[in-house]
Amino acid sequence: MLDLVWLVVVVPLVSGLGLLVWGKEGDRVGHLVGTVASAASFVIGLVAFVQLLGRPEDDRSVADTLFTWISAGPFHVDMAYRFDPLSALFVLLITGVGTLIHVYSIGYMAHDERRRRFFAYLNLFVAAMLTLVLADDYLVLFLGWEGVGLASYLLIGFWQHKPSAAAAAKKAFVLNRVGDVGMALAIMLMFAQLGTSSIQAVNATVAGQASESVATALGLLLLLGACGKSAQVPLQAWLLDAMEGPTPVSALIHAATMVTAGVYLVVRSNGIFDAAPVAQTAVVVVGLVTLLAGAWIGCTKDDIKKALAGSTMSQIGYMMLAAGLGPAGYAFAIFHLVTHGFFKANMFLGAGSVMHGMAGPDGEGDVDMRHYGALRRAMPVTFATFGLGYLAIIGFPGFSGFFSKDKIIEAAFGESFWIGLAALLGAGVTAFYMTRLMVMTFTSPRRWLDDVHPHESPRVMTVPLVVLAALSVLGGVLVLGGWIEHWLQPVVGPSVHHELAVPAWVVSVVVTAVVAVGVALAWVTYTRTPIAQTAPADPDVSVLTRAGRNELYGNAVNDTLVVRPTRHLTRVLVFLDARLVDGLVRGLADRLGDTSQFLRTPQTGYVRSYALSILVGSLVVVLALLAVTLA
Amino acid sequence: MILSVLAATPLVGALVVTLMPRTAAAARSVKVVALASSLVALALALYVTSQFDVGAGGYQLTEQHEWIGALGVHYALGVNGIGLTLVLLTTVLVPIVLLAAWEDRLPASRSVNSYLAWMLVLEALAIGVFCATDAFLFYVLFEATLIPIYFLIGSYGGAGRTYAAVKFLIYNLVGGLLMLASIVGLYVVTARAGDPTYLLSDLSGLDVGTTTERLLFLGFMAAFAIKAPLFPFHTWLPDAAGTATPATSVLMVSIIDKVGTFGMLRWCLELFPGASEWASPVVITLAVVSILYGALLAIGQDDVRRLVAFTSVSHFGFIILGIFTFTHTATAGSTLYMFNHGLSTAALFLVTGMMVARRGSASISDFGGVQKVAPVLAGILLLAGLSSLSLPGLAPFVSEFMVLAGTFTRSVPAAVLATLGIVLAALYILIMYQRTMTGPLQPEVAHLRDLDHREVAALAPAVVLIVGLGFFPQPMLDLVNPAVDEVVTHVGVGDPPPRTPAELGGLTGAGAYVPEHGPHETEGGH
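Because the structure is predicted, anything quoted here is derived from the model rather than measured.

Draft legend 1. Summary view of the overall build of chain B. Regarding its fold elements, chain B presents 19 helices and two strands. Over its C-alpha atoms chain B spans a radius of gyration of 22 Å, differing by no more than 12% from the 24 Å that the globule rule assigns to 526 residues. Counting only C-alpha atoms and orienting by the principal axes, one finds that chain B spans roughly 65 × 55 × 40 Å. Out of the 526 residues belonging to chain B, those deemed buried represent 61%. For chain B, the proportion of contacts with a sequence separation of at least 24, taken over those separated by at least 6, is 81%.

Draft legend 2. Highlighting the overall build of chain A. From N to C terminus, chain A includes 25 helices and two strands. The contacts of chain A with a sequence gap of at least 6 include a subset with a gap of at least 24, amounting to 80%.

Draft legend 3. Structural detail: helix α10 (residues 247-256) of chain A. Residues and elements named next belong to chain A. Counted residue by residue, α10 has 10 buried out of 10 residues, so it is predominantly covered. Of all the residues in α10, the buried ones are Thr-247, Pro-248, Val-249, Ser-250, Ala-251, Leu-252, Ile-253, His-254, Ala-255 and Ala-256. Those residues of α10 that are buried are in contact with α3 (85-108), α4 (115-134), α5 (138-156), α9 (238-241), α14 (304-324) and α15 (330-357).

Draft legend 4. The arrangement of the pairing of strand β2 (residues 73-79) of chain B in detail. Residue and element names in this part refer to chain B. Most of β2 is tucked away: five of the seven residues are buried. Inspection of the sheet shows strand β1 (residues 60-68) paired to β2 by six bridges, in the antiparallel sense. Note on β2: the bridge partner recorded for Gln-64 is Ala-76.

Draft legend 5. Fine view of the interface of chain B and chain A. Each partner contributes residues to the interface: chain B has 56 residues there, and chain A has 55 residues. Looking at the side of chain B that touches chain A, the elements that each hand over two or more residues are α12 (273-299), α14 (328-359), α16 (395-408), α17 (412-437) and α19 (474-491) of chain B. When residues in the side of chain B that touches chain A are grouped by element, the largest group, 11 residues, is from α17(B). Residue composition of the side of chain B that touches chain A, by class: 33 nonpolar, 18 polar and five charged.

Draft legend 6. Representation of the packing of α14(B) against helix α15 (residues 375-388) of chain B in the model. Residue and element names in this part refer to chain B. Close contact between α14 and α15 brings their axes to 9 Å; oriented N to C, the two are set at 145°. Every pair of crossing elements has a handedness; the one defined by α14 and α15 is left-handed. Across the interface between the two elements, Ser-344, Ala-347, Leu-348, Val-351, Thr-352, Met-354 and Met-355 of α14 pack against Leu-377, Ile-380, Leu-381, Ala-384, Gly-385, Ser-387 and Ser-388 of α15. Class assignment of the residues belonging to the contact of α14 with α15 gives a composition of nine nonpolar, five polar and no charged.

Draft legend 7. Spotlight on the packing of helix α18 (residues 400-415) of chain A against helix α19 (residues 417-443) of chain A. Residue and element names in this part refer to chain A. Relative orientation of the contacting elements α18 and α19 amounts to 155°, with a least axis distance of 5 Å. Taken together, the axis directions place α18 and α19 in an arrangement best described as roughly antiparallel. Pair α18 / α19 crosses with left-handed handedness. Here α18 contributes Lys-405, Ile-408, Ile-409, Ala-412, Phe-413 and Glu-415 to the contact with α19, which in turn contributes Phe-417, Ile-419, Gly-420, Ala-423, Leu-424 and Ala-427. The residue makeup of the contact of α18 with α19, split by class, is nine nonpolar, one polar and two charged.

Draft legend 8. Spotlight on unusual backbone geometry. With an omega dihedral of 10°, the bond running from Val233(A) to Pro234(A) counts as a cis peptide bond. Its place among the elements puts Pro234(A) in the loop between α8 (212-229) and α9. Along the chain, Ala228(B) connects to Pro229(B) via a cis peptide bond; the corresponding omega equals -15°. By the element assignment, Pro229(B) lies in the loop between α9 (210-227) and α10 (236-243). One non-glycine residue with positive phi stands out, namely Glu551(A), at about 55°.

Draft legend 9. Structural detail: the environment of Ala39(A). Residue and element names in this part refer to chain A. When you line up the elements, Ala-39 lands in helix α2 (residues 30-53). Since 19 C-beta atoms lie within 10 Å of it, Ala-39 is described here as partly exposed. Considered as a pair, Ala-39 and Ala-80 are 41 residues apart in the sequence and their alpha carbons are 24 Å apart.

Draft legend 10. Representation of α18(A) in the model. Between the first and last C-alpha of α18(A) there are 23 Å, a value that for 16 residues agrees with the 22 Å anticipated at 1.5 Å per step. Across the 16 residues that make up α18(A), a large majority, 16, are buried.

Draft legend 11. Structural view of the environment of Val174(B). Relative to the helices and strands, Val174(B) resides in helix α7 (residues 161-193). Spatially, the C-alpha atom of Val174(B) lies 9.0 Å from that of Ile226(B), the residues being 52 residues apart in sequence.

Draft legend 12. Focus on the confidence of the model for chain B. With 95% of its residues at a pLDDT of at least 70, chain B reaches an overall mean of 91. Confidence over residues 505-526 of chain B falls short of pLDDT 50; this stretch has 36 contacts with residues more than four positions distant or in other chains.

Draft legend 13. Layout of the pairing of strand β2 (residues 75-83) of chain A. Residues and elements named next belong to chain A. Burial analysis of β2 places nine of its nine residues in the buried class, the great majority of the element. The two faces of β2 match: Phe-75, Val-77, Met-79, Tyr-81 and Phe-83 on one face and His-76, Asp-78, Ala-80 and Arg-82 on the other face are all buried. Two strands pair when backbone bridges link them, and strand β1 (residues 62-72) and β2 are joined in this way by nine bridges, in the antiparallel orientation. Directly across from Asp-64, in β2, lies its bridge partner Tyr-81.

Rules of the game
- Residues numbered from 1 in each chain as written.
- Chains lettered and ligands numbered in written order.
- Predicted model: local features only at pLDDT ≥ 70, side-chain atom pairs only at ≥ 80, totals over all residues.
- Helix = DSSP H or I, 4+ residues; strand = E, 2+ residues; numbered from the N terminus.
- Rg over C-alpha atoms; globule rule 2.2 N^0.38 Å.
- Buried ≥ 20, exposed ≤ 12 C-beta atoms within 10 Å, placed from the backbone.
- Contact = placed C-beta atoms within 7 Å.
- Pairing = 2+ DSSP bridges.
- Nonpolar A, V, L, I, M, F, W, Y, C, P; charged D, E, K, R; others polar.
- Axes fitted to C-alpha atoms, helices over the stretch in contact; angles between N-to-C directions.
- Left-handed = near helix turned anticlockwise from the far one by under 90°.
- Parallel < 35°, antiparallel > 145°, perpendicular 65-115°, else oblique.
- Expected span 1.5 Å × (residues − 1).
- pLDDT = per-residue confidence, 0-100.

Listed below in C-alpha cells is the structure:
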C-alpha cells in the first residue's frame, strides 16, 4: 500500500470532480459517494500508516515521483510525494476527521438543495489538503496550498445568496493571496539560490552550506505565507468572517486542518528555520501575539462560532509559538495540532448541532449565545460531547489538551521566562472564554426566542460528535513514553529539552492553577448576574470588551492602510488613463487634425485663388532670381 | 508545402462562405461550412505537429520561393517550437470562437457570411504571420491582419464601433509604419553588405553597427509594443474590446495581439540581440508597470469587457517581462504564457459575452445573484476567472510562475513587484464574480437562461485544456524548449547558476540540466 499512497489524493479528487459534473440525478446519492470516497481515503491512509509503523525507524519515509510536472532549462519540478512520519500523521488527521465531518454533513446539509455540490467541494478540499501535506516539492505544496484556499473560498461562500458570505469568501482569498506572495517569492528565491524547490534538498542545503541571510529571507517569506493560511497576525482578519460558511466547513477547514497548514509549513521547513534564528524569533512573536489576540477576541464575542474562531486563532498561536522554538517545540506543535484538531472539530460540530437545534421558524440557525441557555437538558448528547471538548481545550488534567498545551508552555519557559509567562496567561484566558461559552450555552437559565424548540440532533450528527469527543479525551496518549517526539524524530530531528529552574510537574501544577482561576472567574462573572438577551451597546462596555468585539480593529487597520488607498489609487488611475494616457493620444490626433484643417484652407477649389497664388509664387521666384543675379 | 496548405485552408473556407447565398435560410449551412473549414485547419495543424521533430529544434517544414528578386524578398515559411505553439493556439481557438458566435446578433443589413469569412481570413493571416521566416513577408501579413479586424470591429461591433475601429486601425498603422522604416533599413543594410535579403536565416547573423541595430530594433519594437499592447500604448485595446463582439475580441486579444509578443521573441531578439539587451531595462520597467497598471485599471472597470481587456494588459506585461529577461526559464514561461493566456482569455471573453448578450448590458452593476439561475455559466466564469488569476492547478499558473522565477534570477525588484500582481489579480476577478454572480438575485436577471448545449460545447475544449495543461504542461514545454534554448543562446545572457546548488545526489531528476551556453557569472547577483 505504501507505493499506492498517492491514491489517498486521487480518490477524493476524482469523486469531487465527478460530483461537480454529475447532473441532477446525482443529487440522491451524491453525499454518500462523497462520504465513501473520504472514508476510502482514510482506509488507504490507515493501512499505509500501519505499514510505515512496521518499518525500522530509519526507513520510515517513502518518496516517489509520479511524473515530471514542469521542466524547462534549469527549472525542474517533479510531481513528487513523500509519505513519512509527519505526513502520515496528517493523512490520518485529515481523512479521519474529514470523514467524520462528511458523515455529520449528511445530516447537517440534508435540507440544502445544493448538497451534492457541498460534498464535491469537501472532497476537493480533502484532496488538496492531502496534496499539501504529501508534497515533496515546495511548488507541489503550493499547489495544495492554493487548492485548499480555493476550497475554502467556495465553502465560505457556499450560501452565496448571502452578500456577507460572498464578501467573507473573497476576503479570505485575498488575504491568503497576500500570504501567497511570500510563499511564491520564497520558492523563487529557492530556485535562484539553490536551483531547486525540492523540500528535502532545500532544507538539507540551507541547513548546510547556504548563508544565513538566505535562510532568514526564506524563513520570513514562508512565515508570511503561514500567517495568511493560519490566520496569524497581521493576516488574521479573514478567519472570523469565514464563519459565514456552513458549520461543518468551519470545523474541518477553519479549525482542524487547513488553518493549521502554516504550522505544518514551519515544521516541515525545519532545516530552514533552524538555520535562521531571526526568522524563528519572528515565528515566536507572531505566535505569541496571535495567541493572546485570539483569546482576547474569544472573550468578547456572543456569536458562538466567532468565539470558537477566536479560540482557533489563539490555539494556532500556541502551535506557531512551539514551532518557532525549534527542535524544542516541533513535536509539540504537531501534537497540539492533532489534539486541537480533535477537540476543536468536536466543539464546532457541537456548535453546529446547537445552531441546528435553536433554528427559528425560518430554519436559519441561531448563533447568538445570548439566545441560548439551559441546553444541557434539551441536547444531552451535544452537551456531553461538547463538555468533553471543553475539558480538553482548557487542559483539564488527563484530557488531551492538558498534555499538549502543557508541553508547549513548558518548552516556552525553557526558552525564556517571559515567553512562558505569556503562554501561561493565554491558558488562563482560554479557560475564561471557554467557561463563558459553556455557561452561556448550556448551564445558565434559558433565554430562548419565541418559536424556538431546541431538540437533539439526529444520530448521523451525534455519532461523529461522540467519536470526536472520545478522541478529545484520549488524544493525549500520543505523548505517553515520548511517542510523538520519537515518531517525528526522523523528520524534525531529536527533541531538545531545556533545563527548567523547577521540575516539570511544578509547571503542570501552576498551569492547572491558572486554568482553575480562569474557570472560576468566568463562572462567577456569568452566573452571578443574569445574562441579558441582547448584548449591551458598545458605549456601555469596557474598552477591552469593545476592542475585542471589533476584533482588535484589524479590519479598520486593513481598511485604512490598504483597502481605501487602493480604491483611491484605482479611481485616480482610471481617470488618468482616460484623460492623460489616452488623452495624449487623442490630443495628438486632434492636433494632427487641426494642422490638416489649417493646411486645407488654401485649397478652396476656386481657380481664381489658385491663379493668384501662382502669380504670387512666380513673382517671388522671379524676384529671388533677380536678387541672386544682381548680387 | 504543408504550411502553405494549412494557411490556405481557412482562406478557401472564407471564399466558399462568401460565395454562398446571403439569405436567412442559408445561414445555418454557412456556419457549418465555416466551422468545418476551421476544423480541417485544426486537423492539419495537428498533422503538422505530428510531422514536427520535437527533439531536433530549428525551423522545420520549411518552404522557400523567390518573390521579389530585386529586393531579396522570399515567400519563406517554416516553424520552430514557438511558432508551432502559436499556430496550434490559433487553430484550436477559431473553431471554439465560431461555435460560440453561432447566435451572435449582428447589426441589421450585415450578413453572417462576411462576418465568418473575415474571421477565417484572419485565421489564415495569423497562421501565415506565425510561419513567415522572411521579414518582408512577415511585415506584409502583419499589416494585412489589420483589415479583417477593422471590419470585424467596425461592421459587427456594438455602440461606438466606428470610433473604436478607426482608433484601432490608426494606432496600429502608426506602429506598422515605424516597422516599415526598419524593413526599408534592413534592405539598405543588407544591400550594402552584398545581396539584399529578408530571410531570417540570413538576417539573424547580420552584423550592423550598434546605432543602426538600435534604430532598426526600435522600429520593430514600436510596432510590437503597440500590438501587444505594452503600457502606455494600450489605450486602443479597451475601446476595441468594449465594442467588438466577443468572438472578435478573442481573435484580436488571444491571437493577433500575440503577434506582438511573438514578434519580439522572433524578430527583435533574433535580429537585434544586442539592441534587445540594451533596451531591456526600459522594456522590463514598462512591463512591470503594465502588470500593475493593467490590474489596477481592471479593478476599476464597470464594463466587464473592458475589465477583461485590462486584465490582458496585465498579462501581456508578464509575457513581455519574461521575454526581456533572456533566461531560459522565463522565456519558456512566456511562450507557454502566450498559449495559456490565449485559452484563458478566450474563455473569459466568451463566457462574459454570453452574460452580456443575455442581459443586454455589459455593466457589472446590472448583474447580481446570477449564480442562482445560471449555475453552469457561473461555474465556467469562475473557472475562467481563476485561470486568469493564475490559480495553481490551472494552466496559466505554470507559465506565470516560470516567468516570475526566471525573472527573479535576473532582477529581484522586477520579480517582487510583478508578484504583487497576483494579489491584484485576485481582486479584479473575485470582485467581478462577487458583484455579478453572488448576493440576492436581481429582478432584472431573474429570467436569465443558463448556458445551452452549444455554448457548453464551445467552452468545454478551452476548459479541458486549461485544467489539463495545469497538471500536464510538459508536452507543450517539450515543444518549445529547443526553440527557446536557441533564442536564449542567441542573445547570450542566459540563466545565472544558483549560488549554492543543492545537493541532489539521491534525488530525482532535478539539476540534470547543464546550460550549454556560459552564463555570465558577474550578472547573477542581487
